[in-house]
Amino acid sequence: MRTTRRPRSALIASIALAALVLSAMAACAQYGGGSTSGVGASFSYGSDREGFRLEAGRDALVYGIGYFNDRDDDGTVYSVELGLRADQAMGDYGGVPFAIGGGYYRLDPDDAELDVSDEFSFWAGAGDFSYSNRGLFYQYRYIFGGPLSGSEGCVGWAF
């Protein structure tokens, strides 16, 4: 049975959506006010995929878009993620900062015989999700399904 790939217009729409999300993240971080806003870029490693994220945080929300390559040459994964800094929502929590959220993950396989797959999944992470302190940050994330499922470490720089 022969499968067909989705037209290039889907890729163009994904890139346009990513550009829109990037613009919104930068605007929120720049004009959001308060010391809890910021933008960061990170390198994610672990499991079968590694790649890059552009992330932003404001108050208790975390936004992010990502681009990942598969080490086993399965394809490329694009992600759009939204999370809640649960430690911020808990008031006087005082423990390790963590976040929970969901994401949309698109796998664009290298094999032309395979279809593009779109999935929604949940994730949880511990580490610095505020991006308000300039400099190096670290996160640990676990994604519960989809093409990026599994654990990953994230090392990044907050601007």
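For the structure, see preceding data.
Residues numbered from 1 in each chain as written. Predicted model: local features only at pLDDT ≥ 70, side-chain atom pairs only at ≥ 80, totals over all residues. Heavy atoms only, no water.

Description of the sheet that holds strand 3 (residues 61–70)
The strand order around the closed barrel built from eight strands is 1-2-3-4-5-6-7-8, with neighbouring strands paired in antiparallel fashion. Geometrically, the sheet is characterised by an average inter-axis angle of 25 degrees between neighbouring strands, direction not taken into account. One ladder, built from nine bridges, connects strand 3 with strand 4 (residues 75–84); its direction is antiparallel. Directly across from glycine 64, in strand 4, lies its bridge partner glutamate 81. (Pairing = 2+ DSSP bridges. Helix = DSSP H or I, 4+ residues; strand = E, 2+ residues; numbered from the N terminus. Axes fitted to C-alpha atoms, helices over the stretch in contact; angles between N-to-C directions.)

A look at the pairing of strand 5 (residues 98–109)
One face of the sheet, then the other: side chains in a regular strand alternate in exactly this way. For strand 5, a buried count of nine out of 12 residues is recorded, marking the element as mostly surrounded by other parts of the structure. Sheet topology places strand 4 next to strand 5; 10 bridges connect them, and they run antiparallel. The partner of serine 79 across the bridge, within strand 5, is tyrosine 105. Across 10 bridges, strand 5 lies against strand 6 (residues 117–127) in antiparallel orientation. Directly across from isoleucine 100, in strand 6, lies its bridge partner alanine 124. (Buried < 20%, exposed > 50% of the residue type's maximum accessible area, 1.4 Å probe, protein only.)

A word on the side chain of arginine 141
You can see arginine 141 is positioned in strand 7 (residues 135–143). Reaching out from arginine 141, the side chain makes a polar contact with the side chain of glutamate 55 at a distance of 3.0 Å. Engagement of the side chain of arginine 141 in a polar contact is seen with the side chain of glutamate 81, the distance being 3.0 Å. Apart from residues lying up to four places away in sequence, arginine 141 is in contact with Arg53, Glu55, Glu81, Trp123, Ala124, Gly125, Phe129, Tyr131, Gly150, Ser151, Glu152 and Cys154. (Polar contact = N/O pair within 3.5 Å; in protein donor to acceptor, adjacent residues only side chain to side chain. Contact = heavy atoms within 4.5 Å.)

What to know about the side chain of serine 42
Inspection of the secondary structure puts serine 42 in strand 1 (residues 38–45). For serine 42, a relative accessible area of 4% puts it in the buried group. Side-chain polar atoms of serine 42 contact the side chain of glutamate 55, separated by 2.6 Å. Beyond its immediate sequence surroundings of up to four residues, serine 42 is in contact with Gly51, Phe52, Arg53, Glu55, Phe137, Cys154, Val155 and Gly156.

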